[in-house]
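Understanding the architecture of this molecule
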Amino acid sequence: MTALTETRPGSRLHYAWIVVAVTFLVLLVGAGVRATPSVLIVPWEREFGWTAATIGVGIALNIFLYGMIGPFAVAIIERFGLRRSVCGALLILAVGTAATSLMTAPWQMVLLWGIVVGSGSGMVANVLGATVAGRWFARRRGLVLGLLTASSATGQLVFLPMLASIAVGQGWRSVSLVVAGATLALIPLAALFLRDRPADLGLPRYGEDAVTPTPVLTENPAVRALRGLRIGLRSRDFWLLAGTFFICGASTNGLIGTHLIPACIDHGIAEVTAAGLLALMGICDLVGTTASGWLTDRFDSRKLLAWYYGLRGLSLIFLPYSFDYSFYGLSLFAVFYGLDWIATVPPTVQLAGKSFGEENAALMFGWIAAAHQIGAASAAWLAGMVRTESGTYLGAFVSAGLLCLVAALMAAFVGRKPGEPALRPLPA
């Protein structure tokens, strides 16, 4: 361990990469726990007689808190440390998911899956990846952020086939216990290997030669988070980034992550097969979002966002028609859409850093990510309402696609002042 924690001539591995590896696993499992209700919608409908709209309330609250906790999570990590904050969040997730196996009423589903799991997963969301990338890396930050973002998005998808199989074969309560056990198993790993900052080990950040002293923070986490929001609300760039990310959330985990499996079942595609499509998206996202981080280190982030949102919008408009081509059409959609699932995060974080300063990038991204989850929560609820009222998701899919095209246009105006070209260079 000592050899890994020192940076000397001949050292092969900076401890930053160990922190990244552990954070990758935490984000992977944490996001998978948050997304678990998507495979439980149909079992809950069958056992309890709950409607998609009723279940959508709990899922919407889960997604909403997953985002709204983000900026406060950044401030809590700054105040109490990375290791203690992550271990506490994992414990909340383990207890909350285990308790859901005992629920019998809708209010219990809303309390446990919505409030408890939503709050715990919000502590180990994309803001955690942004914090680790900023603290530990001076170089390759975009690549690291892309990798960690991919783990978060992939975690929402890759576990779903296994969980769907467990739900079909052993019942949905077994799913709750499995995800609780997986979360609990991560706590010792995080406690042993996570470190708050490189300076705690006498190391510089990756890519630097000098050790950056650990700042002493005494400000109340809630006060710091709210002060960041107040600054953001006065900024045009904040509204543009938050607006595009609202649409990002509505078009990803709010709509597809929550409702693709029920939509496939509506078209006669088996639940496990539908979950496999989400897993395929997750694998493609791991490639696409990691590549997005690499591209963010090299190209204009606004142009990247415009391409990402534009292509996603076209794929969502195509989705209702892909059911006509059975599983092959959906597979094509899964690959194309999965590459773009959440590739928007690395360029959005970079733009937040340019607009508000690198030291505030994680906090301000926390509020921008909150808009993402508000959009996701809205889509999760509204799409459930659309399905309940019309019996089809057609309107939800097409509307989300059109919104993505609007987001592509909005991204071009970040950093632009009146009278200037839409894609002028941002300040360094």
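The following paragraphs examine the structure supplied in this document. Since the model is a prediction, treat every value here as computed from it, not as a measurement.

**Structural notes on the nonpolar core**
Membership of the largest hydrophobic core comes to 124 residues, with the highest contact counts inside it found for Trp 44, Val 86, Leu 128, Ile 256 and Met 281. Once residues within four sequence positions are removed from consideration, Val 86 is found in contact with Val 26, Val 124, Leu 128, Ala 190 and Leu 194.

**Points about the packing of aromatic side chains**
Under the counting rule described, the total for this entry stands at 15 aromatic pairs. With a centroid separation of 6.4 Å and an interplanar angle of 55°, the aromatic rings of Trp 44 and Trp 113 are classed as tilted. In this pair, Trp 44 sits in helix α2 (residues 41-48) while Trp 113 sits in helix α5 (residues 106-123), placing the two residues 69 residues apart along the sequence. The buried category is assigned to Trp 44, whose relative accessible area is 0%. Consider the rings of Phe 72 and Trp 367, whose centres lie 5.5 Å apart with planes at 70°: the pair is edge-to-face. Taken together, the positions of Phe 72 in helix α3 (residues 52-80) and Trp 367 in helix α17 (residues 361-390) put the pair 295 residues apart, joining distant regions of the chain. Taken together, Trp 44, Phe 48, Trp 50, Trp 113 and Trp 172 form an aromatic cluster joined through their ring pairs. The lysine or arginine in question, Arg 79, covers the ring of Phe 80, its NZ or CZ lying 5.3 Å from the ring centre.

**A closer look at unusual backbone geometry**
For Arg 140, which is not a glycine, the phi torsion comes out positive at approximately 60°. Along the chain, Arg 140 turns up in the loop between α6 (126-136) and α7 (141-158).

**Observations regarding the layout of surface pockets**
Empty space within the largest pocket amounts to approximately 810 Å³. Contributing to the lining of the largest pocket are 33 residues, with Gly 134, Arg 135, Arg 205, Glu 358 and Glu 359 lying nearest its centre. Elements supplying a minimum of two residues to the lining of the largest pocket: α3, α6, α7, α16 (345-356) and α17. Residue classes in the lining of the largest pocket are distributed as 15 nonpolar, six polar and 12 charged.

What counts as what
Residues numbered from 1 in each chain as written. Predicted model: local features only at pLDDT ≥ 70, side-chain atom pairs only at ≥ 80, totals over all residues. Heavy atoms only, no water. Core = buried A, V, L, I, M, F, W, Y, C linked by side-chain atoms within 4.5 Å. Buried < 20%, exposed > 50% of the residue type's maximum accessible area, 1.4 Å probe, protein only. Contact = heavy atoms within 4.5 Å. Phe/Tyr/Trp six-rings, centres within 6.5 Å; stacked < 30°, edge-to-face > 60°. Helix = DSSP H or I, 4+ residues; strand = E, 2+ residues; numbered from the N terminus. Lys NZ or Arg CZ within 6 Å of the ring centre and 35° of its normal. 1 Å grid on protein atoms, 1.4 Å probe; cavity = no way out; pocket = protein on both sides within 12 Å on 5 of 7 lines; lining within 4 Å. Points joined across faces, edges and corners; volume = space filled by probe spheres on them. Nonpolar A, V, L, I, M, F, W, Y, C, P; charged D, E, K, R; others polar.

The quantities given are spatial measurements derived from coordinates; they are silent on function.
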